[in-house]
Amino acid sequence: MSEFERQENQMEIQRLGNLKLALGECPMWHGGRLWLLDCRQGLVLALDPETGEVTARHEAPAPLGSFAFNGDGGDCIVLSLKEEIAALNLRTGKLQSLARIDASHPNLRINDGTALADGSFVTGTMHVFREEGEPALGGLYRLDTALRLHKLDDGIDIANGPCVNPVNGRLHVADSAARVIYSYAITADGALADKQVFVRTDACDSGPDGCTFDSEGGLWTALVRVGALGRFDMQGRLTHRIDLPVTYPSALCFGGPDMADLFVTSISASGRLSASGPMDGAVLKLTGVGFRGVARPVCRLPL
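Structural notes, computed from the coordinates. (Residues numbered from 1 in each chain as written. Predicted model: local features only at pLDDT ≥ 70, side-chain atom pairs only at ≥ 80, totals over all residues. Heavy atoms only, no water.)

Now for the overall build of the protein chain. Assigned secondary structure in the protein chain consists of 1 helix and 24 strands. Across the 303 residues in the protein chain, those meeting the buried criterion constitute 58%. Total accessible area on the protein chain stands at roughly 12,300 Å², and carbon and sulfur atoms take up 46% of it. Computed over 28 positive and 37 negative side-chain charges, the inter-centroid distance for the protein chain is 3 Å. (Helix = DSSP H or I, 4+ residues; strand = E, 2+ residues; numbered from the N terminus. Buried < 20%, exposed > 50% of the residue type's maximum accessible area, 1.4 Å probe, protein only. Areas by Shrake-Rupley, 256 points an atom, 1.4 Å probe, with all protein chains shown as cover. Lys, Arg positive; Asp, Glu negative; His and termini not counted. Charge placed at Lys NZ, Arg CZ, Asp CG, Glu CD.)

See the structure below:
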């Protein structure tokens with residue numbers, strides 16, 4: 001029996017609470033709770049990681065793309081809205097616009113994002129329902145700690161899962177439509193260099209959606225079209241695949257007291273994907289996966 005087969009025998013997959021999210025995204029472990037979005041409903045939610053009880057609920061203008069906490073206090077988040085980045089004060093509900101991207105289109109919106117170690121916020125766009133040959137608008141952007149917006153890359157159809165490898169410090173970004181995950185070096189001034197193809201997921205019959213790293217430098221991604229998770233080592237080799245009881249898993253993060261639990265969001269009605277199974281739209285909790293995650297940084301914006 002292989003090591004992973006032994007781990008699979010110890011692994012447990014359970015539904016966390018009774019949420020049915022339309023477009024569950026961007027799970028994040030923060031302050032001992034699981035935070036996540038329902039992007040279509042414009043909801044920012046916090047869950048008790050043991051019971052799934054909703055312990056905080058905040059509203060923002062839909063569609064949402066992603067978020068990150070700003071500072072250590074936990075009362076302010078940086079939030080991707082349709083075509084702008086904003087700050088939401090969770091105590092007062094006040095929404096403050098920070099920056100607007102350089103493109104606008106009915107089928108374009110900002111999607112997934114993450115805080116970087118320097119306190120900046122990186123986020124990318126998705127441009128869907130394009131005509132054949134029509135280039136994708138938008139791209140990959142960074143809001144720096146002086147609230148200046150920089151365009152880092154373009155030509156990305158559906159940006160997902162930006163995260164930094166804790167071993168080599170490279171930023172990884174998925175293009176779900178192209179079924180590829182790119183990696184970049186981050187330069188001292190926050191620009192990107194040395195763009196490489198980290199992995200193509202055609203062999204998995206799915207594009208990659210949300211991503212996260214474990215402490216060994218393994219990249220985990222939601223294989224959204226086949227109801228599974230995949231783990232790729234630092235050479236881009238598939239080392240683990242976990243089938244899930246949901247049709248469309250969307251994103252994932254490590255959490256729990258030892259960062260050893262894996263939380264997964266899913267989709268029931270995204271606007272492009274629809275599923276009506278009993279677990280579709282649920283939040284899943286996986287224990288005994290045999291890996292640990294690392295805490296994500298927070299933004300350090302002057303808000």
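All right, on to unusual backbone geometry then. Here the residue pair Ala62 and Pro63 is connected by a cis peptide bond, since its omega of 0° sits within 30 degrees of zero. Note on placement: Pro63 falls in the loop between strand S5 (54–59) and strand S6 (67–69). The phi torsion at Cys26 lies on the positive side, around 55°, for a residue other than glycine. Assignment of secondary structure puts Cys26 in strand S2 (residues 24–30). A relative accessible area of 7% means that Cys26 is categorised as buried. We note that Met259 has phi near 55°; this positive angle belongs to a residue other than glycine.

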